[in-house]
Amino acid sequence: MSRRLRGLRRTSQLVFLAAFVVLFGLAAYLVATPIPPDAFLRADPLIAFSGMASARRVILPLLWFAIPVLALSLALGRVFCGWVCPMGTSIDLAERLFHMRGQRPSRAPQLRRVKFYILVAVVLTIILPAAHRSAGELGIAQTVGLSAVYWLDPIAFLTRTFALVVLPVVQWFVGLANDSLMGFGYTDFVGRHDWLARAIAPVQTGLSVVSRPVYFRLGVFTFAASAGIIALGRLARRFWCRNLCPLGALLGFLGKASPIRFAVSDACTRCMRCVNECKVGAITDDPHAYRGVECIECYSCVAVCPVSAISITAGRAQTHRDDRLELDRRRLLQAAGVGVAAIVLPKIDWGQRLAASSTMKFAGSKLIRPPGALPEESFVTVCVRCGECMRICPENALQPAFGEGGLEALETPILVPQVGPCAQPCTLCGSVCPTRAIEPFTVEEKPHLYLGTAIVDRSMCIAWANDKQCLVCQEACSYIAILQKQIDGLGRPVIDERICVGCGLCESACPVAPQRAIHVYATGDKRHLSRGEQAAIRRQAGEPQRGGATGMGDTSG
Amino acid sequence: MTQDEISRRDFLRRAAAAGLAVYGIGELAGLDGAAEAAGPPTIAVASKKSPAQLVQAAVNALGGMKQFVKPGNTVVLKPNVAWARKPEQAANTNPEVVAEVVRLCKAAGAREIKVIDHAIDLDTAAFKMSGIQDAAEKAGARVISARSQGMYQRVNLSRGKVLKSADVLRDLMRADVCINLPIAKVHGSTKVTLGIKNLMGVVWDRGAWHQSASLDQCIADFAVQFRPKLTILDGVRTLLTNGPKGPGKVGTPGVVVAGVDPVAVDAYGATLLNFKPQDIGHIKLAFAAGVGEMRLDRIKVKHV
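Residues numbered from 1 in each chain as written. Chains lettered and ligands numbered in written order. Predicted model: local features only at pLDDT ≥ 70, side-chain atom pairs only at ≥ 80, totals over all residues.

1. Digging into the overall build of chain B
Argument step 1. Scanning chain B from N- to C-terminus turns up 13 helices and 13 strands.
Argument step 2. Looking at chain B as a whole, 62% of its 304 residues qualify as buried.
Argument step 3. For chain B, contacts bridging at least 24 residues in sequence account for 73% of all contacts bridging at least 6. (Helix = DSSP H or I, 4+ residues; strand = E, 2+ residues; numbered from the N terminus. Buried ≥ 20, exposed ≤ 12 C-beta atoms within 10 Å, placed from the backbone. Contact = placed C-beta atoms within 7 Å.)

2. Overview of the packing of helix H4 (residues 51-61) of chain B against helix H5 (residues 95-107) of chain B
All names here are of chain B.
Argument step 1. Where H4 meets H5, the axes come as close as 8 Å, and the angle between the chain directions of the two elements is 45°. The orientation of H4 with respect to H5, classified from their angle, is oblique. The two elements H4 and H5 meet at a crossing, and its hand is right-handed. Contact with H4, carried on its side by Pro51, Ala52, Val55, Gln56 and Val59, involves Glu96, Val97, Glu100, Val101 and Leu104 of H5 and no other residues of that element.
Argument step 2. A breakdown of the residues in the contact of H4 with H5 according to their chemical character gives seven nonpolar, one polar and two charged. (Axes fitted to C-alpha atoms, helices over the stretch in contact; angles between N-to-C directions. Parallel < 35°, antiparallel > 145°, perpendicular 65-115°, else oblique. Left-handed = near helix turned anticlockwise from the far one by under 90°. Nonpolar A, V, L, I, M, F, W, Y, C, P; charged D, E, K, R; others polar.)

3. Some details on the interface of chain A and chain B
Argument step 1. Chain A puts 37 residues into the contact, and the matching count from chain B is 39 residues.
Argument step 2. Those elements that place two or more of their residues in the side of chain A that touches chain B are helix H9 (154-183), helix H10 (186-191) and helix H23 (472-476) of chain A.
Argument step 3. Looking at the side of chain A that touches chain B residue by residue, the classes come out as 15 nonpolar, 15 polar and seven charged.

4. Focus on the confidence of the model for chain A
Predicted coordinates in areas of low pLDDT are best not read in detail.
Argument step 1. In this model, chain A carries a mean pLDDT of 83, and residues with pLDDT of at least 70 account for 87%.
Argument step 2. A low-confidence stretch, residues 138-145 of chain A stays under pLDDT 50, and its non-local contacts, those more than four residues away or across chains, total 19 contacts. (pLDDT = per-residue confidence, 0-100.)

5. Observations regarding the domain arrangement of chain A
Residues and elements named next belong to chain A.
Argument step 1. Each assigned domain of chain A is listed with its residue range as follows: domain 1 (2-160 + 221-322) and domain 2 (349-541).
Argument step 2. Listed as interface residues are 20 residues of domain 1 and, on the opposing side, 16 residues of domain 2.
Argument step 3. Broken down by secondary-structure element, the contributors of at least two residues to the side of domain 1 that touches domain 2 are helix H1 (2-28), helix H2 (39-43), helix H3 (45-55) and H9.
Argument step 4. Here the element with the most residues in the side of domain 1 that touches domain 2 is H3; it accounts for four residues. (Domains from an automatic or database assignment.)

6. Quick look at the environment of leucine 505 of chain A
All names here are of chain A.
Argument step 1. Tracing the backbone through its elements, the reader meets leucine 505 in helix H24 (residues 505-509).
Argument step 2. Taking the number of C-beta atoms within 10 Å as the measure of exposure, leucine 505 has 31 and is therefore buried.
Argument step 3. Here the alpha-carbon distance between leucine 505 and glutamine 474, two residues 31 residues apart in the chain, equals 9.4 Å.
Argument step 4. Setting aside its immediate chain neighbours within four residues, leucine 505 contacts Pro421, Ala476, Cys477 and Ser478.

7. Some details on helix H17 (residues 329-344) of chain A
Residue and element names in this part refer to chain A.
Argument step 1. Under the 1.5 Å per step criterion, the end-to-end length of H17 is 22 Å for 16 residues, consistent within 8% with the ideal 22 Å.
Argument step 2. Listed in full, the buried residues belonging to H17 are Ala335, Gly339, Ala342 and Ile343. Buried positions in H17, seen along its axis, are confined to an arc of 105° and lie on one side of it. Seen from the open side of H17, the exposed residues pointing more than 90 degrees away from its buried face are Arg329, Arg330 and Leu333. (Expected span 1.5 Å × (residues − 1). Arc of directions from axis to C-beta.)

8. A closer look at the pairing of strand E9 (residues 490-495) of chain A
Every regular strand shows the same layout, with side chains that alternate between the two sheet faces.
Residue and element names in this part refer to chain A.
Argument step 1. Counting buried positions along E9 gives five out of six residues, so the element sits mostly inside the fold.
Argument step 2. Sheet topology places strand E8 (residues 482-487) next to E9; six bridges connect them, and they run antiparallel. Among the inter-strand pairings, glutamine 484 is bridged to a residue of E9, identified as proline 493.
Argument step 3. Taking the residues between adjacent antiparallel strands as the criterion, E8 and E9 are bridged by two residues, where aspartate 488 takes a positive phi near 50°. (Pairing = 2+ DSSP bridges.)

9. Observations concerning the nonpolar core
Argument step 1. In this structure, Ala58, Leu77, Val98, Val101 and Val256 of chain B are the most contacted members of the largest nonpolar core, which totals 257 residues.
Argument step 2. The contacts of alanine 58 of chain B, once residues within four sequence positions are left out, are Ala44, Val45, Ala46, Ile232, Val256, Val257, Ala258 and Val304 of chain B. (Core = buried A, V, L, I, M, F, W, Y, C linked by C-beta atoms within 7 Å.)

10. Here we look at unusual backbone geometry
Argument step 1. Each neighbour pair has its own omega, and for glycine 243 of chain B with proline 244 of chain B the value is 5°, a cis peptide bond.
Argument step 2. Position of proline 244 of chain B among the secondary structure elements: in the loop between strand E10 (230-239) and strand E11 (250-251).
Argument step 3. The residue after glycine 246 of chain B, namely proline 247 of chain B, is reached through a cis peptide bond having omega 0°.
Argument step 4. Its location among the elements puts proline 247 of chain B in the loop between E10 and E11.
Argument step 5. Notably, arginine 385 of chain A is not glycine yet its phi reads approximately 55°, a positive angle.

11. A short note on the packing of H5 of chain B against helix H7 (residues 132-139) of chain B
Residue and element names in this part refer to chain B.
Argument step 1. Orientation of H5 relative to H7, taken along the N-to-C sense of each, is 20°, at an axis distance of 8 Å. Considering their axes alone, H5 and H7 lie roughly parallel with respect to each other. Viewed along their axes, H5 and H7 form a crossing whose handedness is right-handed. Contact residues: H5 offers Pro95, Glu96, Val98, Ala99, Val102 and Arg103, while H7 offers Ile132, Ala135, Ala136, Lys138 and Ala139.
Argument step 2. Counted by class, the contact of H5 with H7 contains eight nonpolar, no polar and three charged residues.

12. Things to note about helix H14 (residues 246-254) of chain A
Argument step 1. Of all nine residues that make up H14 of chain A, eight are buried, and the element is covered over most of its length.
Argument step 2. For H14 of chain A, the set of buried residues is Pro246, Leu247, Gly248, Ala249, Leu250, Leu251, Gly252 and Leu254 of chain A.

Structure, rendered in structure tokens:
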């Protein structure tokens, strides 16, 4: 029975990890799923709490997923950590793969407290800015906090790692394989055999989608962070879960209410196998005592006991279950100090300088947000940095911000037209954002969702500087925002900045490489206005008309 | 068989027809001779029918698809699918025209028909919104977005004046037959985009053409070496302003123009957009390079 329970737990872990991967994969390739593709993010109480605190309202779609997780923890302890969490499972698998059994399980037990300090700091970074923003509406200056939850929450972290590291690696390999096969002429071989062509047609369609190369700048940092978390397993198994994870801390705290107890019978021979097997070091020295807050209910102890002395009961048991958090007041204050610092420190970051020097609030010159994004001060608190928008962007144009918006905008999505444009008929980022930091928008709204403005660099432009035929930017423009000025019989591009929304099609199409001759800047970003006001501005600009070429006049060579 | 060999054979045939003496006179004179010796090029212009019937009528007037596609051939169709625009916006080739060409190729015994373009807008959106993905697949073609560099191969263009090499679609190089399926549109930098301009869509490094000494010359250089077996110009709708992407004023000549001579088809196509062929840089240069005939009074037009 005991081994079966462990088997059941492992099955559950694999099923949930598979569900996470499948949901991620299906959403990445735009396959509709019966459950929301961001179900795991929603189920994360920290994210749900943070999302609702930022929005200062109850968001039911978040609650429907988060409440079961909370209830589960109250009833059964950290079952989520041991049975569900895809991050925990990933760490388990990695530790198996790299034969990391950790050192002595009881090594540095005081580190366990760190996760509670992190939780305190994280919760403060959620509550204080939200409270302050409420105050802000009463006339007090607004503030923006650094929501540490997005960096430290395991689900957000794993989602981001999948989007920025795993997906590009997978697609790169598939693309390489696909191109190599085509290089060997397999399409022609297939073409000669009708039955074969029919048989592999779906595979080819799939390949053409999955082989699309995607790149994320500095994805290697995200990789380094995940590699670091796994490498910590050398010090102790599930180092992350036992010492650092703020979600684990929260669920463990709630799990204090759980009536589940382990009972160790007198048959115990003190062989210490359970102590050594415990992934999170919850059984420290004495097999008859364990820390309830640490236990992730993996039941490995039950499975490895050679004399089957351990059983699971509800209610009272003779085993000593220690539910103390062991936090000391000074450390808690320190943690609170770190939380406050996390809110304050971005205020001295250069992002603020950019904000002060620009016409917009909180915007650097290259801080171009996707359409539908909230005003910057709300955006950085509501965005969970999960990377969903970045991985779904079919043009690979949404990239994690690095310095553009300062520290508080780190890893939030920005449009980088040099990589790709905001495709005119696409509304995907708005449809996948789990927290509505990017609010859903329609194709019809896009002509008045101003992200920025394009500027022609006449010193680089083929038409302006070199007197050659080009106008690729004008060709590509979806909104007729680029006009041509005829000088010496040659058309030169000029921007109509009342119509340009800054989608970046021109910049991405510009043949001047690698430095383009037309650049989009955040200038003209109108997120601080309502959509109705933006639409009115667009209406005032009138109908775009660059006019037709006429048959008159020989102007080209 | 590569496209290069096709055009070389074609070139040799012309040269033989023109005779060596003509070559001595000079390039332009040589071309005159070639055009006359080969007889005036014939283009077929079909009108007043449904798009599918227009294609049938125009191709039949040239002797039917069997003239161009032999049983067992691999055929590459190159429509214009550059933009995420709907058919009624006239920024891409009419999907019904593409589908009908697919059906004709199939009836002529083609083994495989590939519909390929290198879209400028997001390719998935362009292929879908243009209606070409659905129409061509339904008609029995394989629709391919040529969006990765691995699908192209380096080709030296020995006869190019400005364009000396290009990364050309491998599928095109390996095809038995290429049929160009442009739509007639005005164009910001080249005034019009018709057949030979549409071939930019089989080139990966087309951005370099804009940086070269002359975009028009690059288009002509490419047309010298890459000569589709047949050009079928979609004039069902034309884009008259804000080309090549629009949205702009859409004209409805309701015609399909087909011809073996790409320059002749383009010369006629220019008139659909209210241009004279001699006003279009790349058409003039292609004519001068001997690709085909642009003088309207020397082109035999079969109206059907």
